[in-house]
Amino acid sequence: MEPNKFIKEVYERMGQVSKDKSNNTIKYEDFINSDTARSAAYHYKSLLPSNYNARILDIGYGNGWFMAACVRLGYTNIYGADFGGKKRMKGVVESTNSLKEVYDITDNIWDFLSENGEKYDFIHFSHVIEHIPKYSLFHILDSIYNALSSNGVLLVRTPNMEGPLALSSLYITLGHEYGFSASNLQSLLSICKFNNIEFHDFPNFEP
């Protein structure tokens, strides 16, 4: 079994075991009003495009907190892609015109981006990169680079392996494959032709 397929199976099996199964439909009220969405809107406001009609893609959106933050901030051209997430987002998509489409990734991220063939002004990649086998990192970052429009922005979030709980952050879940510090992440992004690389600390959010 290929490692990428193994990781996919990890989360499929976890979803089958969990009482809160991933095919439960997310209610729009819970989506838009979650504390996580409100916190993200506060933290991301200065990092998102100035054009509110910019094409924004969230890869690995989970419960949709980043997409909800974008809706809260007034963005009108939002897309999401995840493994098997389309069904649970059905009610959300039907409740807002700002969320244009959510896609199911059926096999892997690079095939999805290649087949999708769209260009995006901003791609959000939060807590996904650490789940990717090391030998696949170039392939996925190259595919994301090619999916960005001219002057497009990629925002990556991942556990900090230079932080005080690095081993816990790396091994907390069966699906984590690799860990990043500022230096090796910058090296990876540079090799994959990204430039103007910046690192950000998010301040505390008071609900």
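Since we're looking at a predicted model, the values are computed, not measured. (Residues numbered from 1 in each chain as written. Predicted model: local features only at pLDDT ≥ 70, side-chain atom pairs only at ≥ 80, totals over all residues. Heavy atoms only, no water.)

Engineer: Help me understand the overall build of the protein in this model?
Structural biologist: Across its full length, the protein holds nine helices and five strands. Scored against the burial criterion, the 207 residues of the protein give a buried share of 44%. Pairs at least 24 residues apart make up 65% of the contacts formed inside the protein by residues separated by at least 6 positions. (Helix = DSSP H or I, 4+ residues; strand = E, 2+ residues; numbered from the N terminus. Buried < 20%, exposed > 50% of the residue type's maximum accessible area, 1.4 Å probe, protein only. Contact = heavy atoms within 4.5 Å.)

Engineer: Before we go on, may I ask you to explain the pairing of strand S1 (residues 56-59) in this structure?
Structural biologist: One face of the sheet, then the other: side chains in a regular strand alternate in exactly this way. Burial along S1 is two-sided: the face carrying Ile56 and Asp58 and the face carrying Leu57 and Ile59 are both buried. Relative to strand S2 (residues 78-82), S1 is paired through four bridges, and the arrangement is parallel. Across the sheet, residue Asp58 finds its bridge partner in S2, namely Gly80. Regarding topology, helix H4 (residues 65-73) serves as the crossover connection from S1 to the parallel S2, and that connection is right-handed. (Pairing = 2+ DSSP bridges. Right-handed = clockwise from strand over helix to strand, strands pointing away.)

Engineer: Looking at this structure, I do not really get helix H3 (residues 35-44). What am I missing?
Structural biologist: Note on helix geometry: an α-helix contains 3.6 residues per turn, so any two residues three or four positions apart are oriented the same way. The set of residues buried in H3 consists of Ala37, Ser39, Ala40, Ala41, His43 and Tyr44. Here the buried face of H3 lies against helix H2 (28-33), H4, strand S4 (120-126) and strand S5 (148-157).

Engineer: Which parts of the structure should I look at to understand the nonpolar core?
Structural biologist: Within soluble globular proteins, side chains that are nonpolar tend to cluster in buried spots. Residues Ile59, Ile123, Phe125, Ile129, Leu141, Ile144 and Leu154 are the most contacted members of the largest nonpolar core, which totals 29 residues. If sequence neighbours within four positions are ignored, Leu141 has contacts with Ile129, Leu154, Leu188, Leu189, Cys192 and Phe194. Ranked by size, the runner-up nonpolar core spans 25 residues in total, among them Ala37, Tyr61, Phe66 and Leu155. (Core = buried A, V, L, I, M, F, W, Y, C linked by side-chain atoms within 4.5 Å.)

Engineer: Help me out: how do you make sense of the sheet that holds S5 in this one?
Structural biologist: Two strands in a sheet stick together by hydrogen bonds in their backbones, pointing the same way (parallel) or opposite ways (antiparallel). Pairing is parallel in the open sheet, where five strands are placed in the order S3-S2-S1-S4-S5. Whereas interior strands pair on both sides, the edge strands pair on one side only; in this sheet they are strand S3 (99-104) and S5. Adjacent strand axes in the sheet meet at a mean angle of 15° when their direction is disregarded. The sheet contact formed by S1 and S4 spans three bridges and is parallel. (Axes fitted to C-alpha atoms, helices over the stretch in contact; angles between N-to-C directions.)

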